[in-house]
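Summary of structural features
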Amino acid sequence: MAHSSFDSNNYSQAEEFCNQVISMDSLNYEAWKLKGEAINYQISRKNPRILEVYNCIMTSYRVLSDDAKKEKKDEI
């Protein structure tokens, strides 16, 4: 549902679905990555959330195994 919301440009809903996944599995790489991307699309002058994007993307990297880090570093 998070991916569907993101693909439909409903970034706030995608973020909420990612939060639900993260609350159940805090080591879910895909949820952290997608949450960062969803927040990125919500950034504006009135809503400067760049630090949140950074934290989500870095967390998505940290939860990966060493082998997966090598594989996904360009994607991140």
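First, a word on scope: everything that follows refers to the structure included in this document. Every value quoted in this text rests on a predicted model; they were computed, and no experiment measured them.

Reading the values: the criteria
- Residues numbered from 1 in each chain as written.
- Predicted model: local features only at pLDDT ≥ 70, side-chain atom pairs only at ≥ 80, totals over all residues.
- Heavy atoms only, no water.
- Helix = DSSP H or I, 4+ residues; strand = E, 2+ residues; numbered from the N terminus.
- Axes fitted to C-alpha atoms, helices over the stretch in contact; angles between N-to-C directions.
- Parallel < 35°, antiparallel > 145°, perpendicular 65-115°, else oblique.
- Left-handed = near helix turned anticlockwise from the far one by under 90°.
- Contact = heavy atoms within 4.5 Å.
- Nonpolar A, V, L, I, M, F, W, Y, C, P; charged D, E, K, R; others polar.
- Salt bridge = Lys/Arg side-chain N within 4 Å of Asp/Glu carboxyl O.
- Buried < 20%, exposed > 50% of the residue type's maximum accessible area, 1.4 Å probe, protein only.

1. Overview of unusual backbone geometry
For N9, which is not glycine, the phi dihedral falls at a positive 65 degrees. When you line up the elements, N9 lands in the loop between α1 (2-7) and α2 (11-24).

2. As for the packing of helix α3 (residues 29-40) against helix α4 (residues 50-62)
One way to put it is that α3 packs onto α4 with a least axis distance of 8 Å and a crossing angle of 160 degrees. Judged by the angle between their axes, α3 and α4 are roughly antiparallel. Handedness of the crossing formed by α3 with α4: left-handed. Here Y29, W32, K33, K35, G36, I39 and N40 of α3 lie close against α4, whose contacting residues are E52, V53, C56, I57, T59 and S60. Broken down by class, the residue content of the contact of α3 with α4 amounts to six nonpolar, four polar and three charged.

3. Some thoughts on the pattern of salt bridges
Under the counting rule described, the total for this entry stands at three salt bridges. Among the ionic pairs, R49 bridges to E15, the shortest N-O distance being 2.6 Å. Taken together, the residues R49 in the loop between α3 and α4 and E15 in helix α2 connect sequence positions 34 residues apart. Each member of the pair, R49 as well as E15, is classed as buried. Ionic pairing is found between E52 and R49, a salt bridge with its closest N-O pair at 2.8 Å. Here E52 falls in the partly exposed class, since its relative accessible area comes to 35%.

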